[in-house]
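Structure assessment
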Amino acid sequence: MRGQEGIGGDDAAQEIRVRSVQKRRCLLASRAQKNASRPRSERVGDRGYLRHMVPVPPGRIGPGRPHHAQQWARGQPGRRDGIAAHACGEWMGRVDHGMNGLRLEKSAQSVRTAETAGPHGGAGRVQCGRDACERKCDMDIGNIRQSVAQESRFGRPSENQDVHRVTASPHPHGTGSWLTVIGLGEDGFEALSASAQRAIETAEILMGGQRHLALVEGHGSAQRVCWPRPFSEGVGQIASWCGRRVVVLASGDPFCFGAGSVLREAFGAAALRVIPAPSALTLACARLGWSAQDVTLASLCGRPIARLRPLLQPRARLLVLSADETTPARLCAWLCEQRCGASRIHVLEALGGARERIRVTRADEGVSGECDRLNMVAVQIVPDPDAALVPLSAGLPDHYFEHDGQMTKREMRAVTLSSLAPRAGEMLWDLGAGSGSIAIEWMLRHPANAACAVERDPERVARILRNAEALGVPELHVEHRTLPCALDDLPRPDAVFVGGGVATPALLDLGWSALSPGGRLVANAVTMEGEQRLFEAFQAWGGALSRIAMERLGPIGDVSAFRPAMTVTQYRVVKP
């Protein structure tokens, strides 16, 4: 471990573990025997054994008298960042950056486990001499190196690894962060931090888009690889380089609609070292004087423009990441179709670089001239008075949906959504979906929600897809199947809605068996056979039954009267 002295704050963490109470007692016994022969200033206090690690702020050596600090500093080359050790606790977790005060050294006389500054003002060394006590504690350097090699990504040691351990900067071949992801702006290499520049100059492999690679041209001697298409092939290439010094270049903040989340899912957070640059949102808000917390960020890179439909709200501010140079004109035309032609458009091109340009127009005026391929569009929504905006409440108007009459009507839909109780990120099964209105409104409740609509009629299947596209949830998954049937290939639901064919044998049981504990089942029926099946389910599973009657005002000749709709019986239950 001698070669790890002077590790800087940008390197990976160090880790120390003490596992055996019996061996700890041996260490204390050894310390007590040796304290008598040591100068008073070097004695270890009664509670000075290593158990919890406490960071010492940078620039501070630790508590104690000046001559203690000088003695401590003489053994610490390089930085003065360190850690202080004190009593209590058995498990010692990860110690963060800059902790080069702990090293493990092998000498002819002793193994120095740590340099410490005690919490009560004492300073000194914890030592384990190469005597009978040390042999009993089994702390030879070879065993420590072997145990470190057996552990990957700072995992817990196996039960037979009862040792004091120092894991210094992670080895580049598999035991730590080997993949560096650097956010790059249009201002290029010179605007990067020193650590980002050093990572590029020392990389073995440098991967990014053509634009990214051009921005760092002439820096470092790494093998340069242009990111392939499709995107997934690039992830596979990176996997084949595992353990080498790999740098991936991304735009701005890699975790803001970037490659960061994909790489984290593929390789794990421990393998990544991320150095972000200002995001597109940050740059745009700085140029426009907008508050970032008041802006909704969206992307049209590989995503349909219909996803913006729920975001069209009066006075809303949107920042849209463009797919290419055609996106601004396409977005203006789509806003006009949505009756938002008066919306104010800011086209921001190549922000932060020499080609930076900002143009302001209206959606109904379009964008004149050519746009830089690297652009984003900031939009201030101004809807026309008759614009059909998507309300934030449940129960959309019936005419928002294309249907053949087989759909859950507006008022009943609002009650049903309330009973389903959607929460962020949950999955719904809509069995017998009809027009897909329940599944669509479920997804509109939160962007992270998902739904699977199952319908047997092929015309209705196509209609559900059109409704989902028109209302801004094109990700709705639609299955053309005749129920009941096996649905094991679908994601497991958090809630199930049965709106049609409740009396079909085994249909309710299909939904009930798919739910996990805490899942909700809601079913609506208007026929006697359906009510009978709901009552049977109520007797078997508990829950609640309700009858909901609704009347709407309509004309009768020259006068008006309320016309009653069919009474709906609703069953709702939470699986225990």
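Structure: above.
Given the structure is predicted, the values throughout are model-derived calculations rather than measurements.

Here we look at the sheet that holds strand β23 (residues 544-548)
Overall, mixed pairing links the 7 strands, which are arranged β20-β19-β18-β21-β22-β26-β23 in an open sheet. Only two strands of the sheet have a single partner each, and these edge strands are β20 (477-480) and β23. Ignoring strand direction, the axes of neighbouring strands in this sheet form an average angle of 15 degrees. Both strand β21 (residues 495-498) and strand β22 (residues 520-525) contribute to a ladder of 4 bridges, which runs parallel. Counterpart to V496 in the pairing with β22 is L521. Helix α13 (residues 458-470) rests against β19 (450-455) and β20 of the sheet, and its axis sits at about 175 degrees to β20.

Section: the layout of surface pockets
Of the volumes computed, that of the largest pocket is approximately 1,800 Å³. Looking at the largest pocket, it is lined by 50 residues, and the ones nearest its centre are R211, H212, S251, C301 and L374. Classifying every residue of the lining of the largest pocket gives 25 nonpolar, 16 polar and 9 charged. By volume, the second largest pocket amounts to about 1,100 Å³. Around the second largest pocket, the lining is made up of 44 residues, and of these Q406, M407, G499, G500 and V526 lie nearest the centre. Among the elements that make up the lining of the second largest pocket, the one with the highest residue count is helix α11 (residues 410-420) (3 residues). Within the lining of the second largest pocket, the residues separate by chemical class into 20 nonpolar, 14 polar and 10 charged.

Definitions and cut-offs
Residues numbered from 1 in each chain as written. Predicted model: local features only at pLDDT ≥ 70, side-chain atom pairs only at ≥ 80, totals over all residues. Heavy atoms only, no water. Pairing = 2+ DSSP bridges. Helix = DSSP H or I, 4+ residues; strand = E, 2+ residues; numbered from the N terminus. Axes fitted to C-alpha atoms, helices over the stretch in contact; angles between N-to-C directions. Contact = heavy atoms within 4.5 Å. 1 Å grid on protein atoms, 1.4 Å probe; cavity = no way out; pocket = protein on both sides within 12 Å on 5 of 7 lines; lining within 4 Å. Points joined across faces, edges and corners; volume = space filled by probe spheres on them. Nonpolar A, V, L, I, M, F, W, Y, C, P; charged D, E, K, R; others polar.

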